[in-house]
Amino acid sequence: MAEANRDQIEFWSTTQGHKWLRLEDRIERMMTPFTEAGLAALGDIAGRHCLDIGCGAAGTTLALADAAGESGSAAGIDVSPPLLERAWQRAKGRRNVCFAEGDAQDYAFRDETFDILFSRFGIMFFRDTPAALANLRRACRPGARLVFIVWREPRENPWVMIPVSAAKAFVELPPRPAPGEPSQFQWADAELATGWLEGAGWRDCRFEPLDIALEMPGTPLEAARFLLQMGPGAALLAEAGGDLAERAETALAEDLVPHLRNGAVILDSACWIVSATAA
Ligand SMILES: C[S@@+](CC[C@H](N)C(=O)[O-])C[C@H]1O[C@@H](n2cnc3c(N)ncnc32)[C@H](O)[C@@H]1O
């Protein structure tokens, strides 16, 4: 594993991995429209061999395997043992699915193995993304296709910014990581990311906007609890102790009331669907 990614590996293998599992049902329901959009962008992949990068608990790996069918396959790679344990559980009895524990930046994939590279929010945490993309390119056959779903700028994502504004009143949030640093928004700058892809041997790179309203069933307070656990202030609020987290949740819940529709809080989100072809 790349030593440079040590912090992210630790984060996803411990706190964040366990939190993700606790919230798995909610996350998976909320993320299904992204999977559907990603699969639509791939088109017909019957018989293809797919790699799902940062596969987490395998929601997308299983969807890829279904679309690839018995003559195709889907492999997931992730650094998080707890998430991979869940992935193996969910894939039990499926012959065309497997997983590897490893850092996709420098994992020793067999050369020219995959026809399809896919990732739903699992590609944004490399310290050296150009190196990761070159490693992944080597694992692909010439002409292989890539589809990644990544977030656009924070200002276009009220589902992140509304909770961040509420959390800021209670804890001092860390500054946004510099462009290129591992973060949820690492791929927000399409020009920068196109340069990474082209430098790593990918051509016909396209960044198409994907705007999806995120639906969080339940009360504003339930949505506030969920959003504050997912956001950048989560660890700080938990560490702060006392009733700080509760007060932040109550404040955010009030901000969410205007976004309540038919028993669900609905907030806009903004992504890129990135696509490219292996040169
Ligand atoms: C935001 S989660 C997305 C999980 C999954 N793709 C989904 O949509 O449910 C990011 C995932 O990337 C994984 N990850 C982070 N750094 C990685 C790396 N260097 N190599 C492989 N996976 C990594 C994390 O463990 C985590 O499962």
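Residues numbered from 1 in each chain as written. Predicted model: local features only at pLDDT ≥ 70, side-chain atom pairs only at ≥ 80, totals over all residues. Heavy atoms only, no water.

Undergrad: What's the story with the packing of helix H2 (residues 15–22) against helix H5 (residues 81–90) in this structure? I'm lost.
TA: Describing two packed helices takes the angle between their axes plus the distance from one axis to the other. For the pair H2 and H5, interaxial distance at closest approach is 8 Å and the crossing angle is 35 degrees. Across from Gly17, His18, Trp20 and Leu21 in H2, the residues of H5 making contact are Pro82, Leu83 and Arg86. Within the contact of H2 with H5, the residues separate by chemical class into four nonpolar, two polar and one charged. (Axes fitted to C-alpha atoms, helices over the stretch in contact; angles between N-to-C directions. Helix = DSSP H or I, 4+ residues; strand = E, 2+ residues; numbered from the N terminus. Contact = heavy atoms within 4.5 Å. Nonpolar A, V, L, I, M, F, W, Y, C, P; charged D, E, K, R; others polar.)

Undergrad: Even after reading the chapter, I still don't get the pairing of strand E4 (residues 114–120), so can you show me in this structure?
TA: Remember that side chains alternate between the two faces of the sheet whenever the strand is regular. Along E4, seven of the seven residues are buried, which leaves the element largely enclosed by surrounding structure. As paired strands, strand E1 (residues 49–53) and E4 are joined by three bridges and run parallel to one another. Each residue of the ladder has a partner; that of Cys50, found in E4, is Ile116. Note that E4 and strand E5 (residues 140–151) share six bridges and pair parallel. Looking at E5, one finds that Arg120 is bridged to Ile149. (Buried < 20%, exposed > 50% of the residue type's maximum accessible area, 1.4 Å probe, protein only. Pairing = 2+ DSSP bridges.)

Undergrad: Just to check I follow, could you spell out helix H1 (residues 6–13) for this structure?
TA: In an α-helix, one turn spans 3.6 residues; hence positions three or four apart end up facing the same way. Three or more residues of H1 are buried, namely Gln8, Ile9, Trp12 and Ser13. Along H1, the residues classed as buried sweep out an arc of 125 degrees about the axis, all on the same side. Where H1 is buried, its residues contact H2 and H5. (Arc of directions from axis to C-beta.)

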